[in-house]
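Listed here are the chains, written in short residue letters.
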Amino acid sequence: MRNVQKIALASLLLGAAIFGISAFPKTWVRGIGGMLSPRGAISDSFVPVFREAMIVLGGIGAAALLGAALWIRPLCRWSALLFRRIMFEAGDCARSLKIHLRHATPFEYAGIAILTAIGVGLRLWYLNQPMRFDEATTVTLYADVPWYIGLANYTMPNNHLLNTLLVRFCVVMGGDREWIIRLPALLAGLLCLPLAYIHARLMYSRGAALLALAWLSVSLPFVDMSTNARGYTMVVCCGLLAHVSIYCLLRKGYWIAAILNALAIGLGLMAVPVAVLFVGSGLLWAILLAGSLHRSGQGAPIRLRLLIGSFVAGLGVAGIGYAPMLIVLGPKWLLANEWVRPLGWSTFIRQLPGELWSYGRYNSLYLPHAAVAMLALSGVFYLLFWRRIERTKISLPFLLAGVCLVALVLNRRYPLWGLSPMWMFLSVVSGCAIAAGFARLAAMALGPRFALPFIWLAAISLSGIGACGMIRANPRQTLDPTGGYSFSDARQVARYLADHASPRDEILLDNAMIVHQYYARRCGAGHLNWSWKGSGPRRIFVLETSNPNPYFSKAMWKHLKDLGFKTTNDLSMAAEFENHKVWVADVEP
């Protein structure tokens, strides 16, 4: 059968399948939706939305099956060819790695092992810190329901889809303890360490790679987000993998690099939409690098086709991941963020220098001032002599910073809110460039013979001092980043409420409740009433925190005044914890 006939037959069968699904009676659609719903039923208003989802997903599935059935032989031949090519390229990579390891010194081995151990140890040290608002929202609202519902529910930007999917898997397999929920973010954060080393080693030098690994192992944003069940470390991990893959693809023409680039782009965009920054900068960098290689006679048309295909495939992977949400809610929710409002131009320009200064300081919070000053000098050196430092002669940090600046000006929101998580990939790329500047300065001052031992000693010292400073400032295994809504005694408060509150009692809080709800469920107190909608006599438990949120506090006291309570003097003290005071009062009908 010719391809034209196959396409005609596939189109006919696909149309028949879509028509058959669209003709399902309403009762059938409601029944299928009830089978998939954790509540056992869906509302009448959701039936049309669920029908559309069935049509789209059914059409995609039918198209995939028809394509596999009609083109089975070409697909098998292409798959076998791809497998042989990947195995050959994997062997080539192994041989290159073996050659690299032969040239590495024992000092370099020891440095990599020590720096990696420090980075892993810090992240494990803070893995069981108290739950925070964003990750409690993830596990309570999105990862506690079937995965297909979690992927379709994007009503809040807290739902990082890839992280939600992986957290759901961890919850099903191991429970909802803090360290289990944080495993996906932790693994991605740990993968960032070797990927940052490989990135700096490919783009710059061995000395730059050691210093970049040292800084990343103790940088507060990366330790913090590796122990926070969010998707930001996944974005950094995918960004580093994408840029390393682009470099190998254009230099060597590896198909495996094209596959890894596509997966990195797709999974990075699924993790957090802010990954569009590394996708855009990576595309610009790839185009410039391909042009440079073509002018030097090292480029090949097939590599450019592989590059374009990998970017298209990556966007396709992201589209598949966001398909449930786009079908159910529509595209407007993808860019909506009710928590953030654009600033006016005057406010934006006035606040930008201070915020960027705070951002840089946050990335080197526990490092000694002399080391920070030296790194700043290395950054200035890179800015002045980047063409002598960049092995590709094309500055990825400049391109990425330009893309980030354009995004910042267009929405005038980040990093003025949320600060570092949105720009963590820029931090890594810039940190590698600054490390390369330091390595070049050391080589100029000490000579090639003594430069690498000096950098080794500087990297070990930087990482060790940074780790000691972080643990000394946060000795209770609890990081305290701004805006985390984290309370070290939330678990004790939830246990107290589980023992003393009944389903008819009302619980009020001057802060976000989601963390306390998470711990209440952990304590077997899922029956507690966090949103009173009944009537009749009851008790109210008022939780007053040491750091109240103005929005929640105002709403709580408005409700209390409606009930006749003007101040805490009208309530009875029931218990006091480190960060909470619990007040109790009886409410008459």
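What you see is a predicted model, and the numbers here were worked out from it, not measured in a lab. (Residues numbered from 1 in each chain as written. Predicted model: local features only at pLDDT ≥ 70, side-chain atom pairs only at ≥ 80, totals over all residues. Heavy atoms only, no water.)

1. Brief notes about the overall build of the protein chain
Across its full length, the protein chain holds 24 helices and four strands. Out of the 589 residues in the protein chain, the part that is buried amounts to 48%. For the protein chain, the share of sequence-separated contacts (at least 6 apart) that also reach a separation of at least 24 residues comes to 79%. (Helix = DSSP H or I, 4+ residues; strand = E, 2+ residues; numbered from the N terminus. Buried < 20%, exposed > 50% of the residue type's maximum accessible area, 1.4 Å probe, protein only. Contact = heavy atoms within 4.5 Å.)

2. Overview of unusual backbone geometry
Although it is not a glycine, Lys393 sits at a positive phi angle of roughly 65 degrees. In this structure, Lys393 sits in the loop between α18 (369–389) and α19 (396–411). For Lys393, a relative accessible area of 41% translates into the label partly exposed.

3. Quick notes on the pattern of salt bridges
For the structure shown, the criterion picks out 12 salt bridges. In this structure, Glu135 and Arg182 form a salt bridge, with 2.7 Å as the shortest nitrogen-oxygen distance. Of this pair, Glu135 sits in helix α6 (residues 133–142) while Arg182 sits in the loop between α9 (178–181) and α10 (183–203), and the two are 47 residues apart along the sequence. Summarising the burial analysis for this pair, Glu135 and Arg182 share the class buried. Salt-bridge contacts for Asp176 lead to Arg521; the nearest nitrogen and oxygen are separated by 3.3 Å. With Asp176 in the loop between α8 (161–174) and α9 and Arg521 in helix α23 (residues 514–522), this residue pair connects regions lying 345 residues apart in the sequence. Residue class for Asp176 comes out buried when judged on its relative accessible area of 19%. Shared partners join several salt bridges into a network, and the residues in it are Asp144, Asp176, Glu178, Arg491, Arg521 and Arg522. (Salt bridge = Lys/Arg side-chain N within 4 Å of Asp/Glu carboxyl O.)

4. A word on the pairing of strand β2 (residues 538–545)
Burial analysis of β2 places six of its eight residues in the buried class, the great majority of the element. Inspection of the sheet shows strand β1 (residues 506–509) paired to β2 by four bridges, in the parallel sense. Directly across from Leu509, in β2, lies its bridge partner Leu543. Pairing between β2 and strand β4 (residues 580–587): eight bridges, direction antiparallel. From the neighbouring strand, Glu544 faces β4, where its bridge partner is Lys581. (Pairing = 2+ DSSP bridges.)

5. With respect to the nonpolar core
In terms of nonpolar packing, the biggest core is built from 111 residues, with Tyr204, Leu216, Leu250, Phe278, Trp285 and Val428 touching the most fellow members. Counting residues per element, this core draws most heavily on helix α20 (residues 424–446), which supplies 13 residues. Once residues within four sequence positions are removed from consideration, Val428 is found in contact with Ala196, Trp215, Leu216, Phe222, Val236 and Leu240. Counting residues in hydrophobic clusters, the runner-up holds 32 residues, among them Ala501, Ala512, Ile514 and Trp530. (Core = buried A, V, L, I, M, F, W, Y, C linked by side-chain atoms within 4.5 Å.)

6. Notes on empty space enclosed by the protein
Think of a ball as big as a water molecule: rolled over the atoms, this probe shows where empty space is left. Evaluated as defined, the whole model comprises two cavities of 30 Å³ or more. Taken as a whole, the second largest cavity spans an internal volume of roughly 40 Å³. Taken together, His199, Met203, Tyr204, Trp285, Glu390, Thr392, Ile394 and Leu396 make up the lining of the second largest cavity. Grouping the amino acids of the lining of the second largest cavity by side-chain chemistry returns five nonpolar, two polar and one charged. (1 Å grid on protein atoms, 1.4 Å probe; cavity = no way out; pocket = protein on both sides within 12 Å on 5 of 7 lines; lining within 4 Å. Points joined across faces, edges and corners; volume = space filled by probe spheres on them. Nonpolar A, V, L, I, M, F, W, Y, C, P; charged D, E, K, R; others polar.)

7. Considering the confidence of the model for the protein chain
Model confidence for the protein chain is summarised by a mean pLDDT of 81, while 86% of its residues fall at 70 or above. Considering each helix and strand of the protein chain separately, the mean pLDDT is smallest for helix α1 (residues 3–22), with a value of 65, and largest for α10, with 94. Counting interchain partners and residues more than four positions distant, the pLDDT-below-50 stretch residues 415–419 has 14 contacts. (pLDDT = per-residue confidence, 0-100.)

8. Some details on the side chain of Ser463
As for its position among the elements, Ser463 is in helix α21 (residues 448–473). Beyond its immediate stretch of four places on either side in the chain, Ser463 contacts Leu115, Ile118, Ala214, Ser217 and Val218.

9. A look at α18
The end-to-end C-alpha distance of α18 is 25 Å, clearly below the 30 Å that 21 residues give at a rise of 1.5 Å each. The principal kink in α18, of about 65 degrees, is found at Leu383. Every buried residue of α18 is accounted for by Leu375, Ser378, Gly379, Phe381, Tyr382, Trp386 and Ile389. For α18, the elements touching its buried residues are α10, α11 (206–218), α19 and α20. (Expected span 1.5 Å × (residues − 1). Bend = angle between axes of the 7 residues up to and from the residue.)

10. Thoughts on the sheet that holds β2
Reading across from one edge, β1-β2-β4-β3 is the order of the four strands in this open sheet, with mixed pairing throughout. The strands lining the two open edges of the sheet, one partner per strand, are β1 and β3 (572–576). Across the sheet, the axes of successive neighbouring strands diverge by a mean angle of 25 degrees, strand direction being ignored. As paired strands, β3 and β4 are joined by four bridges and run antiparallel to one another. Looking at the pairing, Ala575 lines up with Val582 of β4. Running at roughly 170 degrees to β2, helix α22 (residues 490–500) makes contact with β1, β2, β3 and β4 of the sheet. (Axes fitted to C-alpha atoms, helices over the stretch in contact; angles between N-to-C directions.)

11. Some points on the packing of aromatic side chains
This model, assessed by the stated rule, comprises 11 aromatic pairs. Ring centres 5.4 Å apart and planes at 70 degrees place the aromatic pair Trp386 and Phe398 in the edge-to-face group. With a gap of 12 residues between them, Trp386 in helix α18 and Phe398 in helix α19 connect regions that are remote in the sequence. Residue class for Phe398 comes out partly exposed when judged on its relative accessible area of 34%. On the numbers, 5.0 Å between centres and 70 degrees between planes, the contact of Tyr518 with Tyr519 is edge-to-face. By way of ring pairs, the aromatic residues Tyr382, Trp386 and Phe398 are connected into one cluster. (Phe/Tyr/Trp six-rings, centres within 6.5 Å; stacked < 30°, edge-to-face > 60°.)

12. Looking at the packing of α11 against α21
Packing of α11 against α21 leaves a shortest axis separation of 8 Å and a crossing angle of 5 degrees. Here α11 is positioned roughly parallel relative to α21, judged by the angle of their axes. Here Arg206, Gly207, Leu210, Leu211, Ala214, Trp215, Ser217 and Val218 of α11 come into contact with α21, specifically with Leu452, Ile455, Trp456, Ala459, Leu462, Ser463, Gly466, Ala467 and Met470. Here the residues of the contact of α11 with α21 are counted per class, giving 12 nonpolar, four polar and one charged. (Parallel < 35°, antiparallel > 145°, perpendicular 65-115°, else oblique.)

13. Considerations on the layout of surface pockets
Volume-wise, the second largest pocket comes out at about 1300 Å³. Among the elements that line the lining of the second largest pocket, the one with the most residues is α18, at eight residues. For the lining of the second largest pocket, a count of residues per class yields 27 nonpolar, nine polar and one charged.

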